[in-house]
Amino acid sequence: GIQVEQSPPDLILQEGANSTLRCNFSDSVNNLQWFHQNPWGQLINLFYIPSGTKQNGRLSATTVATERYSLLYISSSQTTDSGVYFCAVPRTGTYKYIFGTGTRLKVLA
Amino acid sequence: DAEITQSPRHKITETGRQVTLACHQTWNHNNMFWYRQDLGHGLRLIHYSYGVQDTNKGEVSDGYSVSRSNTEDLPLTLESAASSQTSVYFCASSDRGNTEAFFGQGTRLTVV
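Residues numbered from 1 in each chain as written. Chains lettered and ligands numbered in written order. Predicted model: local features only at pLDDT ≥ 70, side-chain atom pairs only at ≥ 80, totals over all residues. Heavy atoms only, no water.

## Here's the deal with the sheet that holds strand E8 (residues 76-78) of chain B
Residues and elements named next belong to chain B.
Alright, step 1. The strand order across the open sheet formed by four strands is E1-E3-E8-E7, and the pairing between neighbours is antiparallel. The sheet is open, and its two borders are formed by strand E1 (4-7) and strand E7 (64-66), each paired with just one other strand. Going from strand to strand, the sheet's axes swing by 20° on average, the running direction of each strand aside.
Alright, step 2. Here E7 pairs with E8 via three bridges, running antiparallel. Residue Val-66 lies in a different strand from E8, and its bridge partner there is Leu-76. (Pairing = 2+ DSSP bridges. Helix = DSSP H or I, 4+ residues; strand = E, 2+ residues; numbered from the N terminus. Axes fitted to C-alpha atoms, helices over the stretch in contact; angles between N-to-C directions.)

## Some thoughts on the interface of chain A and chain B
Alright, step 1. Contacts between chain A and chain B engage 17 residues on the former and 19 residues on the latter.
Alright, step 2. With both chains or domains summed, chain A and chain B bury close to 1,700 Å², and 54% of this area falls on carbon and sulfur atoms.
Alright, step 3. Joining chain A to chain B, the criterion identifies zero salt bridges.
Alright, step 4. On the surface where chain A and chain B come into contact, there are seven residue pairs in polar contact (both at pLDDT 80 or more).
Alright, step 5. Secondary structure elements with two or more residues in the side of chain A that touches chain B: strand E4 (33-37), strand E5 (43-48) and strand E10 (97-99) of chain A.
Alright, step 6. Across the side of chain A that touches chain B, the residue classes tally to seven nonpolar, eight polar and two charged. (Contact = heavy atoms within 4.5 Å. Buried area = accessible area lost by both parts, 1.4 Å probe. Salt bridge = Lys/Arg side-chain N within 4 Å of Asp/Glu carboxyl O. Polar contact = N/O pair within 3.5 Å; in protein donor to acceptor, adjacent residues only side chain to side chain. Nonpolar A, V, L, I, M, F, W, Y, C, P; charged D, E, K, R; others polar.)

## A short note on unusual backbone geometry
Alright, step 1. Of the consecutive residues Ser-7 of chain A and Pro-8 of chain A, the connecting peptide bond is found in the cis state with omega at -10°.
Alright, step 2. Turning to its location among the elements, Pro-8 of chain A is positioned in the loop between strand E1 (4-7) and strand E2 (10-14).
Alright, step 3. The step from Ser-7 of chain B to Pro-8 of chain B runs through a cis peptide bond, and the omega angle for that step is -5°.
Alright, step 4. Relative to the assigned elements, Pro-8 of chain B resides in the loop between E1 and strand E2 (10-13).

## Re the nonpolar core
Alright, step 1. The biggest cluster of nonpolar side chains holds 23 residues, and the ones touching the most others in it are Trp-34, Phe-47 and Leu-72 of chain A.
Alright, step 2. For this core, the secondary structure elements donating two or more residues are E2, strand E3 (19-25), E5, strand E7 (59-64), strand E8 (69-74), strand E9 (83-90) and strand E11 (103-108) of chain A.
Alright, step 3. Cys-23, Val-60, Leu-74 and Leu-109 of chain B belong to the second-largest nonpolar core, a separate cluster that totals 18 residues. (Core = buried A, V, L, I, M, F, W, Y, C linked by side-chain atoms within 4.5 Å. Buried < 20%, exposed > 50% of the residue type's maximum accessible area, 1.4 Å probe, protein only.)

## Details of the state of the cysteines
Alright, step 1. Counted by the stated rule, this structure contains two disulfides over all chains.
Alright, step 2. Cys-23 of chain A shares a disulfide with Cys-87 of chain A; S-S distance 2.0 Å. Because the sign of the S-S torsion sets the handedness, a value of about 75° for the bond joining Cys-23 of chain A and Cys-87 of chain A places this disulfide among the right-handed ones. Placement of the pair is Cys-23 of chain A in strand E3 and Cys-87 of chain A in strand E9, with a sequence separation of 64 residues. The two residues Cys-23 of chain A and Cys-87 of chain A agree in class, both being buried.
Alright, step 3. A sulfur-sulfur separation of 1.8 Å characterises the disulfide bridge that pairs Cys-23 of chain B with Cys-91 of chain B. Handedness here is read from the sign of the S-S torsion; for Cys-23 of chain B and Cys-91 of chain B, about -70°, the answer is left-handed. Of this pair, Cys-23 of chain B sits in strand E3 (residues 19-25) while Cys-91 of chain B sits in strand E9 (residues 87-94), placing them 68 residues apart in sequence. Both residues of the pair, Cys-23 of chain B and Cys-91 of chain B, belong to the buried class. (Disulfide = S-S within 2.5 Å.)

## A short note on the sheet that holds strand E6 (residues 52-56) of chain A
Residue and element names in this part refer to chain A.
Alright, step 1. Taken in spatial order, the five strands line up as E1-E3-E8-E7-E6 in an open sheet, and their pairing is antiparallel. On the outer flanks of this sheet lie E1 and E6, each paired with one strand and no other. Put simply, the sheet's adjacent strands are angled 15° from each other on average, direction ignored.
Alright, step 2. Summarising the sheet, E6 and E7 pair through five bridges and their orientation is antiparallel. In the sheet register, Asn-56 faces E7, and the bridge partner there is Leu-59.

Structure below.
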């Protein structure tokens, strides 16, 4: 089945720094989502981005489906950005999401 | 606003008891899912449904069951709770077609 890998597994930043998180997937997909799991455990939808680039405030995401990767950019990081970032893609031909193992981000004040 | 809600948010139960976790969505989505999240395993699919009366097993379905009697609800039942089922459970929904999935707040279940 499809494999989803995220890097780096852990990231520590000073407040104000920029970062790039990567999601690689092993098969072609027609859907991809990025989530932020905050310290209280909630999964927050960040982007639904099958292809192209989207921006939402300090966050943006790019998916290059033909090359099987997606990037999440966080600019001017804040302590509230801390948590775990997941990407997820559906199994081919289904609506069932496969999650990556996540990137744990800690932003220091 | 449409939403997806899980209840309870926290539960402690004893080994061998039957437990039901509720999931309710108001988007009128066809697709509903249950995942569990454990350290070292990420989120894994337990059961899913693509519509009323439709239910399917996911990758970690042993010891769990679901039923879909209406569009809004997909309750998850642990037939005889085991300590290995201590986990955080997430419910999700999405509409037909390749559309965005939305997750509930999660239920933290502890089996003692």
